[in-house]
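Spelled out, the chains give:
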Amino acid sequence: MSTPKTTELARHRKERMWMWVQLMPVLAVLSVLFGGALILAVMQSLGFAPWFGVNTFPDLSYFNALWGNWSFWQSLALTLYYAIVSTVIALVMGILLALALIRMFPGKSLYKYLYKLPLMIPYTVGIALAVIMLGNGGMISRISAFVGLIGDPSEFPQILKTHYGWGIIAVYVWKQTPFVTLTIYAVLLGVGRETEEAAAILGANKRQIFFQVTLPQILPGIVSSTLIIFAFNIGAFEAPFILGGGFPDTLPVVAWRYFNDADYTLQLQGMAVVVSIAVIASVILYSYLAFYRRYERRIGRN
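Residues numbered from 1 in each chain as written. Predicted model: local features only at pLDDT ≥ 70, side-chain atom pairs only at ≥ 80, totals over all residues. Heavy atoms only, no water.

1. Side note on the overall build of the chain
Heads up, the condition is: Runs of H or I in DSSP of at least four residues are treated as helices and runs of E of at least two as strands, each being numbered from the N terminus. Only the C-alpha atoms count toward the radius of gyration. The rule for a globule is 2.2 Å times the residue count to the power 0.38. Buried, partly exposed and exposed residues are distinguished by accessible area as a fraction of the type maximum, computed with a 1.4 Å probe on protein chains only: under 20%, between the cut-offs, and over 50%, respectively. Any pair of residues with heavy atoms lying within 4.5 Å of one another is described as a contacting pair.
Assigned secondary structure in the chain consists of 12 helices and two strands. Whereas a compact globule of 302 residues would reach a radius of gyration of roughly 19 Å, the chain reaches 25 Å, over 25% beyond that. Taking the principal axes of the C-alpha coordinates as reference, the chain spans close to 70 × 70 × 30 Å. In the chain, which comprises 302 residues, the proportion classed as buried is 37%. Pairs at least 24 apart in sequence give 70% of the contacts found in the chain among residues at least 6 apart.

Written out as structure tokens, the structure is:
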């Protein structure tokens with residue numbers, strides 16, 4: 001004779017089984033497209049490419065040649081610099097904008113639509129805008145010369161095509177700040193302002209309210225948005241290729257140069273670069289997520 005508890009467990013198992021049945025088509029497609037491509041990339045980076053007349057699998061010489069070259073580590077440092085700096089700036093700006101959106105101010109209804117516009121514009125358009133606005137012959141340099149800040153547009157400080165990457169970072173921040181804002185704003189709407197108001201009534205100042213009340217509440221949104229934009233930034237190609245300062249290039253650009261070399265066997269070296277990017281990004285993101293999980297357990301939130 002079944003009890004209400006066993007009946008509930010059986011119903012729960014059926015619901016979970018039905019959920020997996022519904023997800024199977026999507027999981028199958030993702031496994032074939034993503035998993036298959038990943039396995040093939042790893043095999044090519046280890047010397048498996050019979051269509052090129054190369055089959056030395058397993059062969060670590062491509063990784064040894066890559067990691068033994070000092071330019072690889074320079075490219076890695078540049079890649080991480082662009083990814084980390086742009087992620088931090090977009091995160092700070094997104095948090096500030098989200099905190100502003102939960103308050104009332106003139107023109108809020110219009111601004112709630114305006115700040116989302118970059119989400120609908122492709123990255124290539126943002127890159128073109130950076131060239132038009134920030135180049136030495138761009139609009140800002142011409143306006144600066146017109147108002148007398150500089151004598152000639154050519155005297156405008158070099159922003160693009162340098163390893164400081166201000167143009168690259170500007171494009172990333174311009175595109176990703178609305179995404180971070182939207183994510184954190186949704187979290188803030190869900191938690192409400194009751195706890196902040198209670199903390200204020202109890203005598204907490206604005207700094208204490210933010211760090212002890214608001215920040216722990218929006219931390220899941222911060223972590224999820226950071227994971228997404230950092231993963232994109234570390235593997236992005238277009239902005240560093242067009243706006244970067246040349247050698248040393250970021251790792252995605254290095255991989256692209258290998259893939260477009262006249263010697264098609266160098267594609268295996270390019271695959272070693274791609275796999276290296278995936279491994280490095282995975283280690284960083286896993287460590288970041290593990291640190292966050294440890295923090296969640298420490299404060300008793302699972």
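Anyway, onward from the coordinates.
2. Focus: the nonpolar core
We apply this condition: The term nonpolar core refers to a set of buried residues drawn from Ala, Val, Leu, Ile, Met, Phe, Trp, Tyr and Cys, joined through side-chain atoms within 4.5 Å.
Counting 26 residues, the largest nonpolar core has Phe230, Ile234, Leu251, Leu268 and Val273 as the members making the most contacts within it. Mapped by element, the contributors of at least two residues to this core are helix H2 (61-67), helix H3 (70-101), helix H9 (206-235), helix H11 (251-259) and helix H12 (267-298). In terms of residues, this core owes the most to one element, H12, which gives nine residues. Counting residues in each nonpolar core, the second largest holds 19 residues, with Tyr123, Ala130, Leu134 and Leu160 among its members.

3. Things to note about the packing of aromatic side chains
For clarity, the cut-off: Centres within 6.5 Å are what make two rings of Phe, Tyr or Trp a pair, Trp counting through its six-membered ring; a difference in plane orientation under 30 degrees is then read as stacked, over 60 as edge-to-face, and the rest as tilted. Cation placement over rings: the criterion is NZ of Lys or CZ of Arg within 6 Å of the ring centroid and within 35° of the ring normal.
What the rule picks out here adds up to 10 aromatic pairs. Measuring from centroid to centroid gives 5.7 Å for Phe237 and Trp256, while their planes differ by 35°, and the two rings are tilted. Of this pair, Phe237 sits in the loop between H9 and helix H10 (238-243) while Trp256 is found in helix H11, placing the two residues 19 residues apart along the sequence. Residue Phe237 is classed as partly exposed on the basis of its relative accessible area of 23%. Taking relative accessible area as the criterion, Trp256 reaches 32% and is therefore assigned partly exposed. Measuring from ring centre to ring centre gives 4.7 Å for Phe241 and Trp256, while their planes differ by 55°; the resulting arrangement is tilted. Placement of Phe241 in helix H10 and of Trp256 in helix H11 is noted, with a sequence separation of 15 residues between them. Three or more aromatic residues link up through ring pairs in this structure, and these residues are Tyr123, Tyr172 and Phe232. Against the face of Tyr123 rests Lys175, its NZ or CZ located 5.6 Å from the ring centre.

4. Here we look at the confidence of the model for the chain
Filter applied, for reference: Scored between 0 and 100, pLDDT is the confidence that the predictor attaches to each residue.
For the chain, the mean per-residue pLDDT works out to 81, and 94% of the residues sit at or above 70. Within the chain, the element-level pLDDT minimum falls on strand S2 (residues 54-55), averaging 70, and the maximum on H3, averaging 91.

5. Things to note about the environment of Leu114
Looking at the element boundaries, Leu114 is found in helix H4 (residues 108-114). Through-space distance from the C-alpha of Leu114 to that of Pro178 is 9.6 Å; in sequence the pair is 64 residues apart.

6. Regarding the environment of Met120
You can see Met120 is positioned in the loop between H4 and helix H5 (123-134). Considering only alpha carbons, one finds Met120 and Lys175, 55 residues apart in sequence, at a separation of 9.2 Å.

7. Topic: the packing of H9 against H12
Worth spelling out the cut-off: The convention used is that axes are lines fitted to C-alpha atoms, helices contributing only their stretch in contact, and that angles between N-to-C directions extend from 0 to 180 degrees. Angular relationships are summarised with four words: roughly parallel below 35 degrees, roughly antiparallel beyond 145, roughly perpendicular across 65 to 115, and oblique for the angles in between. The classification used treats Ala, Val, Leu, Ile, Met, Phe, Trp, Tyr, Cys and Pro as nonpolar, Asp, Glu, Lys and Arg as charged, and all other residues, Gly among them, as polar.
At a minimum axis distance of 10 Å, the contact between H9 and H12 shows a crossing angle of 175°. Relative to H12, the element H9 lies roughly antiparallel. Contacts between H9 and H12 involve Pro216, Leu219, Pro220, Ile222, Val223, Thr226, Leu227, Phe230, Ala231 and Ile234 from the former and Ile277, Ala281, Ile284, Leu285, Tyr288, Leu289, Tyr292 and Tyr295 from the latter. Per-class residue counts for the contact of H9 with H12 are 17 nonpolar, one polar and no charged.

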